[in-house]
Amino acid sequence: MNDQEPPMTDSHPFIRGGILPTKARSVFEVFVEDRRRDKYCCNWAANGQWCRRIFWQRSIAVAHAHIHLNYRPFTCHGKCGNEQCGERFPTRDTLILHAKKRRVMCDICGVYVYPPNLKRHTSAQHRV
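Helices and strands together make up the secondary structure of the protein, namely 4 helices and 9 strands. Of the regular secondary structure in the protein, the N- to C-terminal order runs α-β-β-β-β-β-α-β-β-α-β-β-α. Summarising the internal contacts of the protein: among those between residues at least 6 apart in sequence, 20% fall at separations of at least 24. Accessible area of the protein: about 8900 Å², with a carbon and sulfur share of 51%.

This is how it looks when you write it as structure tokens:
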């Protein structure tokens, strides 16, 4: 569970309704099936297709459920070098990866690009 996820208490409707066990730490655990010891399966289904991806840790399986539900509680707030960046991420790890790939601003148009792509950007977009 992260700081932005609703807390799990005995009064939570998922627990009272029997959808989640009382020891659940996250509302997203409803999408995770405990197949056998140390093996967890994603139970997401959309358009008649099941995800069924296998994980070795429950926390990683729950974080994977964030992706299906477009739950993105972690916001950049300019950590990547772009002061106006408000991009959101499903896990803290993906936010950290985004921030590590610092972008630079194009002097001509003000668009933020990765440093290795700046030369290609200026030649393609500005014919310089």
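Take the pattern of salt bridges next. Taken as a whole, this structure holds 1 salt bridge when the rule is applied. Between Glu87 and Arg103 there is a salt bridge, with its nearest N and O atoms 4.0 Å apart. Of this pair, Glu87 sits in the loop between strand 6 (74-75) and strand 7 (88-89) while Arg103 sits in the loop between helix 3 (92-100) and strand 8 (104-105); the two residues are 16 residues apart in sequence, bridging distant segments of the chain. The class for Glu87 is partly exposed, based on a relative accessible area of 38%.

With that settled, consider helix 2 (residues 58-68). Because each turn of an α-helix spans 3.6 residues, side chains separated by three or four positions in sequence point in the same direction. Among the residues of helix 2, Arg58, Ala61, Val62, Ala63, His64, Ala65 and His66 are the ones counted as buried. Positive phi appears at Asn70, one or two residues downstream of helix 2, with a value of about 55°.

Alternating positions in strand 2 (residues 39-42) separate into two faces, Lys39 and Cys41 on one and Tyr40 and Cys42 on the other, with burial throughout. Looking at chain direction, strand 2 and strand 5 (residues 54-55) are connected through 2 bridges and run antiparallel. The residue of strand 5 that forms the bridge with Tyr40 is Phe55.

Turning to the environment of Ala63, a few remarks are in order. The residue Ala63 is located in helix 2 in this model. Remark: the alpha-carbon pair of Ala63 and Pro90, spanning 27 residues in sequence, is separated by 7.1 Å.

Parameters at a glance
- Residues numbered from 1 in each chain as written.
- Predicted model: local features only at pLDDT ≥ 70, side-chain atom pairs only at ≥ 80, totals over all residues.
- Heavy atoms only, no water.
- Helix = DSSP H or I, 4+ residues; strand = E, 2+ residues; numbered from the N terminus.
- Contact = heavy atoms within 4.5 Å.
- Areas by Shrake-Rupley, 256 points an atom, 1.4 Å probe, with all protein chains shown as cover.
- Salt bridge = Lys/Arg side-chain N within 4 Å of Asp/Glu carboxyl O.
- Buried < 20%, exposed > 50% of the residue type's maximum accessible area, 1.4 Å probe, protein only.
- Pairing = 2+ DSSP bridges.

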